[in-house]
Amino acid sequence: MPPTARRLAAGPRKRAAAASLAIVVLAGCGGGEEAPGAAAPSTADGVGEVTTAPDGAQEITLQTQDDYVFVPDRFTVAPGTVRLTVVNVAEEMTHNLEFSGGGPEEISEGISLLAPGEEKTIEFEVSAPGDQPFECTFHVQLGQVGTMTVSG
(Lines give C-alpha, C1' and ligand atoms only; values in the text may rest on other atoms or scores of the structure.)
Protein backbone atom coordinates (compact mmCIF):
# COMPACT_ATOMS: atom_id res chain seq x y z
CA MET A 1 0.00 0.00 0.00
CA PRO A 2 1.40 3.44 -0.89
CA PRO A 3 2.29 5.72 2.09
CA THR A 4 -0.56 8.15 1.33
CA ALA A 5 -3.11 5.34 1.33
CA ARG A 6 -1.74 4.03 4.65
CA ARG A 7 -2.05 7.50 6.27
CA LEU A 8 -5.62 7.87 5.00
CA ALA A 9 -6.57 4.40 6.21
CA ALA A 10 -4.93 4.92 9.61
CA GLY A 11 -6.62 8.31 10.18
CA PRO A 12 -10.20 7.01 10.50
CA ARG A 13 -9.04 4.15 12.73
CA LYS A 14 -7.20 6.54 15.07
CA ARG A 15 -10.23 8.83 15.20
CA ALA A 16 -12.51 5.86 15.90
CA ALA A 17 -10.20 4.62 18.64
CA ALA A 18 -10.03 8.10 20.21
CA ALA A 19 -13.82 8.42 20.07
CA SER A 20 -14.24 4.99 21.69
CA LEU A 21 -11.82 5.92 24.44
CA ALA A 22 -13.66 9.21 25.07
CA ILE A 23 -16.98 7.36 25.35
CA VAL A 24 -15.53 4.92 27.88
CA VAL A 25 -13.96 7.72 29.96
CA LEU A 26 -17.12 9.86 29.92
CA ALA A 27 -19.35 6.91 30.77
CA GLY A 28 -17.20 6.27 33.83
CA CYS A 29 -17.81 9.85 35.03
CA GLY A 30 -21.56 10.09 34.65
CA GLY A 31 -24.69 9.00 36.39
CA GLY A 32 -23.64 9.68 39.96
CA GLU A 33 -23.47 5.94 40.59
CA GLU A 34 -20.64 4.43 42.52
CA ALA A 35 -18.43 1.91 40.82
CA PRO A 36 -19.18 -1.69 41.74
CA GLY A 37 -17.15 -2.65 44.76
CA ALA A 38 -16.54 0.97 45.81
CA ALA A 39 -16.41 1.25 49.57
CA ALA A 40 -19.27 3.31 50.97
CA PRO A 41 -18.73 5.02 54.30
CA SER A 42 -20.04 2.76 57.03
CA THR A 43 -22.02 4.00 59.99
CA ALA A 44 -21.38 2.43 63.38
CA ASP A 45 -24.26 0.71 65.18
CA GLY A 46 -26.42 3.07 67.21
CA VAL A 47 -25.32 6.24 65.41
CA GLY A 48 -28.22 8.66 65.19
CA GLU A 49 -30.47 6.89 67.70
CA VAL A 50 -31.62 8.96 70.66
CA THR A 51 -31.78 6.74 73.74
CA THR A 52 -32.38 7.40 77.42
CA ALA A 53 -29.61 6.48 79.86
CA PRO A 54 -30.36 5.10 83.35
CA ASP A 55 -29.69 8.58 84.78
CA GLY A 56 -32.38 10.06 82.51
CA ALA A 57 -30.01 11.82 80.09
CA GLN A 58 -30.85 11.57 76.41
CA GLU A 59 -27.89 10.09 74.57
CA ILE A 60 -27.08 10.42 70.90
CA THR A 61 -23.99 9.59 68.89
CA LEU A 62 -23.05 11.43 65.70
CA GLN A 63 -20.37 10.34 63.28
CA THR A 64 -18.13 12.39 61.04
CA GLN A 65 -15.66 11.22 58.47
CA ASP A 66 -13.61 12.47 55.51
CA ASP A 67 -16.64 13.70 53.51
CA TYR A 68 -17.63 16.88 55.43
CA VAL A 69 -20.94 15.63 56.84
CA PHE A 70 -22.40 14.74 60.20
CA VAL A 71 -24.30 11.45 60.31
CA PRO A 72 -27.06 12.14 61.04
CA ASP A 73 -27.20 15.85 60.33
CA ARG A 74 -30.62 16.21 62.06
CA PHE A 75 -31.99 14.73 65.27
CA THR A 76 -34.65 15.54 67.86
CA VAL A 77 -34.46 15.53 71.65
CA ALA A 78 -36.90 16.49 74.40
CA PRO A 79 -36.17 19.26 76.90
CA GLY A 80 -33.71 18.01 79.55
CA THR A 81 -30.18 16.69 79.73
CA VAL A 82 -28.48 15.75 76.44
CA ARG A 83 -25.31 13.68 76.26
CA LEU A 84 -23.88 14.07 72.75
CA THR A 85 -21.00 11.92 71.52
CA VAL A 86 -19.19 12.62 68.27
CA VAL A 87 -17.08 9.86 66.71
CA ASN A 88 -14.59 10.88 64.02
CA VAL A 89 -14.07 7.85 61.77
CA ALA A 90 -12.11 9.96 59.27
CA GLU A 91 -8.72 8.75 58.15
CA GLU A 92 -7.39 12.24 57.46
CA MET A 93 -9.76 15.01 58.59
CA THR A 94 -9.86 16.74 61.95
CA HIS A 95 -13.30 18.05 62.88
CA ASN A 96 -15.12 19.81 65.70
CA LEU A 97 -18.71 20.51 66.72
CA GLU A 98 -19.95 23.86 67.93
CA PHE A 99 -23.50 25.09 68.36
CA SER A 100 -23.57 28.07 66.05
CA GLY A 101 -26.24 30.21 67.69
CA GLY A 102 -29.46 31.35 66.17
CA GLY A 103 -31.46 28.86 68.22
CA PRO A 104 -33.91 29.58 71.00
CA GLU A 105 -31.18 29.30 73.68
CA GLU A 106 -27.40 29.43 73.86
CA ILE A 107 -25.52 26.14 74.11
CA SER A 108 -21.93 26.91 75.02
CA GLU A 109 -20.70 23.31 75.20
CA GLY A 110 -18.88 22.03 72.16
CA ILE A 111 -16.04 19.84 70.96
CA SER A 112 -13.14 22.05 69.92
CA LEU A 113 -10.92 19.42 68.29
CA LEU A 114 -11.59 15.85 67.20
CA ALA A 115 -8.68 14.13 65.46
CA PRO A 116 -9.15 11.10 63.18
CA GLY A 117 -10.14 8.08 65.24
CA GLU A 118 -11.15 10.13 68.30
CA GLU A 119 -14.47 10.24 70.09
CA LYS A 120 -15.62 12.87 72.59
CA THR A 121 -18.78 13.43 74.62
CA ILE A 122 -20.36 16.64 75.88
CA GLU A 123 -23.34 17.06 78.19
CA PHE A 124 -25.70 20.03 78.40
CA GLU A 125 -29.25 21.05 79.28
CA VAL A 126 -31.90 22.22 76.81
CA SER A 127 -35.27 23.67 77.75
CA ALA A 128 -36.50 25.91 74.92
CA PRO A 129 -38.23 24.19 71.98
CA GLY A 130 -36.88 24.90 68.52
CA ASP A 131 -33.98 24.27 66.16
CA GLN A 132 -30.41 24.51 67.43
CA PRO A 133 -27.95 24.66 64.51
CA PHE A 134 -24.49 23.12 64.90
CA GLU A 135 -21.45 22.99 62.64
CA CYS A 136 -17.87 21.93 62.16
CA THR A 137 -16.29 25.39 62.18
CA PHE A 138 -13.36 24.04 60.15
CA HIS A 139 -15.65 22.94 57.30
CA VAL A 140 -18.81 25.05 57.55
CA GLN A 141 -18.03 26.58 54.14
CA LEU A 142 -18.16 23.03 52.73
CA GLY A 143 -21.60 22.43 54.24
CA GLN A 144 -20.70 20.45 57.37
CA VAL A 145 -23.69 21.62 59.39
CA GLY A 146 -26.60 20.08 61.22
CA THR A 147 -29.63 20.78 63.39
CA MET A 148 -30.69 19.52 66.78
CA THR A 149 -34.43 20.06 67.29
CA VAL A 150 -35.73 20.38 70.83
CA SER A 151 -39.35 19.20 70.84
CA GLY A 152 -42.03 21.30 72.48
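Presented here is an overview of the structure given in this document. (Residues numbered from 1 in each chain as written. Predicted model: local features only at pLDDT ≥ 70, side-chain atom pairs only at ≥ 80, totals over all residues. Heavy atoms only, no water.)

With that settled, the discussion passes to the side chain of Gln144. Positionally, Gln144 belongs in the loop between strand S9 (130-135) and strand S10 (145-150). Residue Gln144 is classed as buried on the basis of its relative accessible area of 0%. Separated by 3.0 Å, the side chains of Gln144 and His95 make a polar contact. (Helix = DSSP H or I, 4+ residues; strand = E, 2+ residues; numbered from the N terminus. Buried < 20%, exposed > 50% of the residue type's maximum accessible area, 1.4 Å probe, protein only. Polar contact = N/O pair within 3.5 Å; in protein donor to acceptor, adjacent residues only side chain to side chain.)

Looking now at the side chain of Thr85. Structurally, the position occupied by Thr85 is in strand S5 (residues 80-88). According to the relative accessible area criterion, Thr85 is buried, its value standing at 12%. Within the structure, the side chain of Thr85 is placed 2.7 Å from the side chain of Thr121, a separation counted as a polar contact. Filtering out sequence-adjacent residues up to four positions away, Thr85 remains in contact with Ile60, Thr61, Leu62, Glu119, Lys120 and Thr121. (Contact = heavy atoms within 4.5 Å.)

With that settled, consider the environment of Gly117. Inspection of the secondary structure assignment puts Gly117 in the loop between strand S7 (110-114) and strand S8 (119-126). Here Gly117 falls in the exposed class, since its relative accessible area comes to 65%. For the pair Gly117 and Glu91, spaced 26 residues apart in sequence, the C-alpha separation works out to 7.3 Å. With near-sequence residues (within four places) excluded, Gly117 lies in contact with Asn88 and Ala90.

Along the chain, the position of Arg83 falls in strand S5. By relative accessible area, which is 16% here, Arg83 ends up buried. Separated by 31 residues in the primary sequence, Arg83 and Thr52 place their C-alpha atoms 9.5 Å from one another. There is a polar contact of 2.8 Å between the side chain of Arg83 and the side chain of Glu59. Here Glu123 takes part through its side chain, which lies 2.7 Å from a polar atom of the side chain of Arg83.

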